[in-house]
Amino acid sequence: MTGAHGMEWLDDHNMWIAVPPARRVFLVDPGTMVLRRSIPTPGARPHGIFVVNGDLWCADTAMRQIHKLDPITGTVRAEIDVPAPEIHGMTLHDGNIWFCCAETRRVCTIPLPE
């Protein structure tokens, strides 16, 4: 997998990796990098990812959105518009989504929707 961006550990045997050129998020065994499965992303540039309550959240820089995805099918369950700045790295801490912009170097937070 080339061009990997966001990564999220689930446990010692499972890690999600966002890969913009593939337009997919891959679940791999981090010890062996063996592919377990992958799901499509709604946009062309998936970047930061995190998992909450079994849902996979994925930022897309091209769409300027954060998507709540079904981790089995990739179905979009919810979306958050983020018109600016451009979303790159993303994580969750204390109920807030933290993300950064590669162009402006801004670090921003927005609350995770209920």
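Above this text sits the structure in question.
Scoring rules and cut-offs
- Residues numbered from 1 in each chain as written.
- Predicted model: local features only at pLDDT ≥ 70, side-chain atom pairs only at ≥ 80, totals over all residues.
- Heavy atoms only, no water.
- Buried < 20%, exposed > 50% of the residue type's maximum accessible area, 1.4 Å probe, protein only.
- Helix = DSSP H or I, 4+ residues; strand = E, 2+ residues; numbered from the N terminus.
- Pairing = 2+ DSSP bridges.
- Axes fitted to C-alpha atoms, helices over the stretch in contact; angles between N-to-C directions.
- Phe/Tyr/Trp six-rings, centres within 6.5 Å; stacked < 30°, edge-to-face > 60°.
- Salt bridge = Lys/Arg side-chain N within 4 Å of Asp/Glu carboxyl O.

Let us now look at the pairing of strand E6 (residues 55-60). Along E6, six of the six residues are buried, which leaves the element largely enclosed by surrounding structure. By the alternation rule, side chains of E6 split into Asp-55, Trp-57 and Ala-59 and Leu-56, Cys-58 and Asp-60, which are all buried. Counting the residues that bridge the hairpin from strand E5 (residues 46-52) to E6 gives two residues, and of these Asn-53 lies at a positive phi of roughly 50°. Strand direction decides the pairing type here: E6 and strand E7 (residues 65-69), joined by five bridges, are antiparallel. In the sheet register, Trp-57 faces E7, and the bridge partner there is Lys-68. Hairpin geometry of E6 and E7 is characterised by an intervening segment of four residues between the two adjacent antiparallel strands and by a positive phi of about 60° at Arg-64.

Strand order in this open sheet of four strands is E5-E6-E7-E8, and the pairing throughout is antiparallel. Sheet topology places E5 and strand E8 (76-81) at the edges, where each strand pairs with a single neighbour. The average undirected angle you get between the axes of adjacent strands in this sheet is 20°. As judged from the five bridges shared by E5 and E6, these two strands associate in the antiparallel manner. Each residue of the ladder has a partner; that of Val-52, found in E6, is Asp-55.

Time to look at the packing of aromatic side chains. Evaluated as defined, the whole model comprises one aromatic pair. Note on Phe-50 and Trp-57: the rings are 6.0 Å apart at their centroids and 15° apart in plane angle, and the pair reads as stacked. Here Phe-50 falls in the buried class, since its relative accessible area comes to 2%.

For the structure shown, the criterion picks out five salt bridges. The shortest N-O distance in the salt bridge between Glu-86 and Arg-45 comes to 3.9 Å. Here Glu-86, found in the loop between E8 and strand E9 (90-93), pairs with Arg-45, found in the loop between strand E4 (34-40) and E5; they are 41 residues apart in sequence, far enough to count as distant. When its relative accessible area of 12% is taken as the criterion, Glu-86 is described as buried. A salt bridge links Lys-68 to Asp-55, with the nearest nitrogen and oxygen atoms 3.7 Å apart. Here Asp-55 lies in strand E6 and Lys-68 lies in strand E7, a separation of 13 residues in the sequence. Each member of the salt-bridge network shares a partner with another, and the members are Asp-55, Lys-68, Asp-70 and Arg-77.

This part takes up the sheet that holds strand E2 (residues 14-19). If you walk across this open sheet you meet the four strands as E1-E2-E3-E4, and the pairing is antiparallel. The two strands at the open ends of the sheet, each matched to only one other strand, are strand E1 (7-11) and E4. When strand polarity is set aside, the average angle formed by the axes of neighbouring strands in this sheet is 20°. As defined by bridge partners, E2 adjoins strand E3 (residues 24-29) across five bridges and the pair is classed as antiparallel.

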